[in-house]
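# Structure at a glance
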Amino acid sequence: MLIMMIMFMDLFVTFTFFFLAVCWLGCCPCWIGATDVAEEGNFIWTSDNSTVGFVNWYPGEPSNSNGEDCVAICRNEHWSDYRCNVKFPYICQTPAL
Ligand SMILES: [Ca+2]
């Protein structure tokens, strides 16, 4: 049993380091709540349906490749569109305290 726990922990640590390395070296997307699913190219915030004003697209984005309609931000702070059914962490806005 102890050996299985050690093997599991080793696998967990290896996966965690791999994930962090991918995030550090490249893009680690987080959803920001913008989409153009209703009208292609017209991005709105899902929180209140307002038009997205400021944008920070990565060069070549939004690509709408294979029907990408939801927006995520990467570590380099640029935005890219992705298919909406992809599971990413997300960023929420809350009222100021
Ligand atoms: Ca799109």
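Every chain is numbered on its own, with residues counted from 1 as its sequence reads. Thresholds applied to this predicted model are a pLDDT of at least 70 for local features of residues and 80 or more for the giving and counting of side-chain atom pairs; totals over whole chains, interfaces and linings are not thresholded and use all residues.

## Some words on the overall build of the protein chain
Spelled out, the test is: Going along the chain from the N terminus, every DSSP run of H or I of four or more residues is numbered as a helix, and every run of E of two or more is numbered as a strand. Counts of 20 or more other C-beta atoms within 10 Å of a residue's own C-beta define buried residues, counts of 12 or fewer define exposed ones, and intermediate counts define partly exposed ones; C-beta atoms are placed from the backbone. A residue pair is marked as a contact if its C-beta atoms, positioned from the backbone, fall within 7 Å.
In terms of regular secondary structure, the protein chain is built from 1 helix and 4 strands. Start at the N end of the protein chain and walk to the C end: the helices and strands fall as α-β-β-β-β. Evaluated residue by residue, the protein chain yields a buried proportion of 13% over its 97 residues. Across the protein chain, the fraction of contacts at a sequence separation of at least 24, relative to all contacts at a separation of at least 6, is 43%.

## What to know about the confidence of the model for the protein chain
Rules: How sure the predictor is of each residue is captured by pLDDT, a score from 0 to 100.
This prediction gives the protein chain a mean pLDDT of 84; 74% of its residues lie at or above 70. Predicted confidence in the protein chain is weakest over helix H1 (residues 2-25), with a mean pLDDT of 57, and strongest over strand E2 (residues 44-45), with 97.

## Considering the nonpolar core
The following threshold applies: Remark: nonpolar core denotes a set of buried Ala, Val, Leu, Ile, Met, Phe, Trp, Tyr and Cys residues whose joining runs through C-beta atoms within 7 Å.
Trp31, Ile32, Ala34, Phe43, Cys70, Val71, Ala72 and Ile73 form the largest nonpolar core, which has 8 residues in total. With 4 residues, the top contributor of residues to this core is strand E3 (residues 70-73). Residues contacting valine 71, with those up to four places away along its chain left out, are Ile32, Ala34, Thr35, Phe43, Trp79 and Asp81.

## A look at the environment of serine 47
In this fold, serine 47 is placed in the loop between E2 and E3. It is 7.1 Å that separates the C-alpha atoms of serine 47 and glycine 33, two residues lying 14 residues apart in sequence.

## A word on unusual backbone geometry
The linkage connecting glutamate 61 with the following residue, proline 62, adopts the cis geometry, with an omega of 0°. Notably, asparagine 49 is not glycine yet its phi reads approximately 60°, a positive angle. Considering the arrangement of structural elements, one finds asparagine 49 in the loop between E2 and E3. Of note, asparagine 66 is a non-glycine position whose phi angle comes to about 55°, a positive value. In this fold, asparagine 66 is placed in the loop between E2 and E3. Look at asparagine 66 and you get exposed, because 7 C-beta atoms sit within 10 Å.

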